[in-house]
Amino acid sequence: MIGLVLAAGAGVRLGADTADLPKTLLPVDGDRTILDVVLANFRHAGLDDAVIVTGHAAERVQERVPELERRHGLQLELVYNPRALEWNNAYSLWCARDALAEGALLANGDTVHPASVEERLLEARGPDVLIAV
């Protein structure tokens with residue numbers, strides 16, 4: 001199983017804060033970003049690999065990959081959504097469809113929650129599919 005982060009959106013409602021920065025890289029706790037929280041939750045849940053779907057300001061995530069891998073102990077792969085500014089999360093999932101074959105724990109790149117959410121999802125999974133909204 002891998003972690004899958006949907007982080008392609010432009011975050012236009014946040015105005016100047018996300019003009020040149022994806023909202024997943026906004027700080028939420030000192031220098032910890034939303035993406036840091038998501039990746040730390042994946043690692044806490046026992047995952048070793050994660051895919052991040054990027055779009056708006058993708059290069060800003062790309063430049064941080066080595067640091068994020070060291071900080072969180074995860075192997076990261078980036079998948080680019082070329083239509084992030086036009087289409088929604090469903091297309092980001094389509095872009096990452098190859099990664100879904102292993103099974104994925106999905107997180108939105110603009111959502112902050114405790115690692116207990118991932119733990120509970122993994123505890124509740126069955127032999128087939130678990131979808132939690």
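Described below are features of the structure shown in this document. Remember, predicted model here, so these are calculated numbers, not experimental data.

Conventions we followed
Residues numbered from 1 in each chain as written. Predicted model: local features only at pLDDT ≥ 70, side-chain atom pairs only at ≥ 80, totals over all residues. Heavy atoms only, no water. Salt bridge = Lys/Arg side-chain N within 4 Å of Asp/Glu carboxyl O. Helix = DSSP H or I, 4+ residues; strand = E, 2+ residues; numbered from the N terminus. Buried < 20%, exposed > 50% of the residue type's maximum accessible area, 1.4 Å probe, protein only. Core = buried A, V, L, I, M, F, W, Y, C linked by side-chain atoms within 4.5 Å. Pairing = 2+ DSSP bridges. Axes fitted to C-alpha atoms, helices over the stretch in contact; angles between N-to-C directions. Arc of directions from axis to C-beta. Contact = heavy atoms within 4.5 Å. Patch = residues over 30% accessible without salt bridge, like charges linked within 9 Å, V, L, I, M, F, W, Y side chains within 5 Å. Areas by Shrake-Rupley, 256 points an atom, 1.4 Å probe, with all protein chains shown as cover. Lys, Arg positive; Asp, Glu negative; His and termini not counted. Charge placed at Lys NZ, Arg CZ, Asp CG, Glu CD. Phe/Tyr/Trp six-rings, centres within 6.5 Å; stacked < 30°, edge-to-face > 60°. Lys NZ or Arg CZ within 6 Å of the ring centre and 35° of its normal.

**Structural notes on the pattern of salt bridges**
For side chains of opposite charge, pairing can occur when their charged atoms come near one another.
1) Next: Taken as a whole and judged by the stated rule, the model has seven salt bridges.
2) Next: Between Lys23 and Asp110 there is a salt bridge whose closest N-O contact spans 3.0 Å. One end of the pair, Lys23, is in the loop between strand 1 (2–7) and strand 2 (27–29); the other, Asp110, is in the loop between strand 6 (104–108) and helix 5 (116–124), with 87 residues separating them in the sequence.
3) Next: One salt bridge connects Arg43 with Asp48, and the closest N-O pair in it is separated by 2.6 Å.
4) Next: Accessibility expressed as a relative area gives 34% for Arg43, which makes it partly exposed.
5) Next: Given a relative accessible area of 44%, Asp48 falls into the partly exposed group.
6) Next: Where salt bridges share partners, they join Asp36, Glu67 and Arg71 into one cluster.

**Describing the nonpolar core**
1) Next: Judged by nonpolar contacts, the single largest core of 22 residues is most densely connected at Val5, Leu35, Leu39, Phe42, Ile52 and Leu76.
2) Next: Only strand 1, helix 1 (34–44), strand 4 (49–54), helix 3 (65–72) and strand 6 provide two or more residues apiece to this core.
3) Next: Looking at this core element by element, the count peaks at five residues for helix 1.
4) Next: Counting 12 residues, the second largest nonpolar core, distinct from the first, contains Ile2, Ala8, Val79 and Cys95.

**Some points on the sheet that holds strand 4**
1) Next: Strand order in this open sheet of four strands is 5-4-1-6, and the pairing throughout is parallel. Where the open sheet ends on each side, the last strands, each with one partner, are strand 5 (75–80) and strand 6. Averaged over all pairs of adjacent strands, the angle between strand axes in this sheet comes to 20 degrees, irrespective of strand direction.
2) Next: The sheet contact formed by strand 1 and strand 4 spans five bridges and is parallel. Pairing of Val5 across the sheet is with Ile52, part of strand 4.

**What about helix 3?**
1) Next: Of the positions making up helix 3, those classed as buried are Val65, Leu68 and His72. Mapping the buried residues of helix 3 onto a view down its axis gives an arc of 65 degrees, with all of them on the same face.
2) Next: In this structure, the buried residues of helix 3 make contact with helix 1, helix 2 (58–62) and strand 5.
3) Next: Gly73, located one to two residues past helix 3, shows a positive phi value of around 70 degrees.

**Brief notes about a negative patch on the surface**
1) Next: A grouping of Asp49, Glu77, Asp98 and Glu102 is seen on the molecular surface, where their side chains present a negatively charged patch.
2) Next: Within the secondary structure, Asp98 is located in the loop between helix 4 (89–95) and strand 6.

**Quick word on the packing of aromatic side chains**
1) Next: Evaluation of the coordinates by the stated rule reveals one aromatic pair.
2) Next: Their ring planes at 85 degrees and their centres at 4.7 Å tell us that Trp87 and Tyr91 sit as a pair that is edge-to-face.
3) Next: Here the basic side chain of Arg83 rests over the ring of Trp87, its NZ or CZ set 4.7 Å away from the ring centre.
4) Next: Residue placement shows Arg97 over the ring face of Trp94; its charged tip is 4.0 Å from the ring centre.

Taken by themselves, the reported measurements are silent on function.
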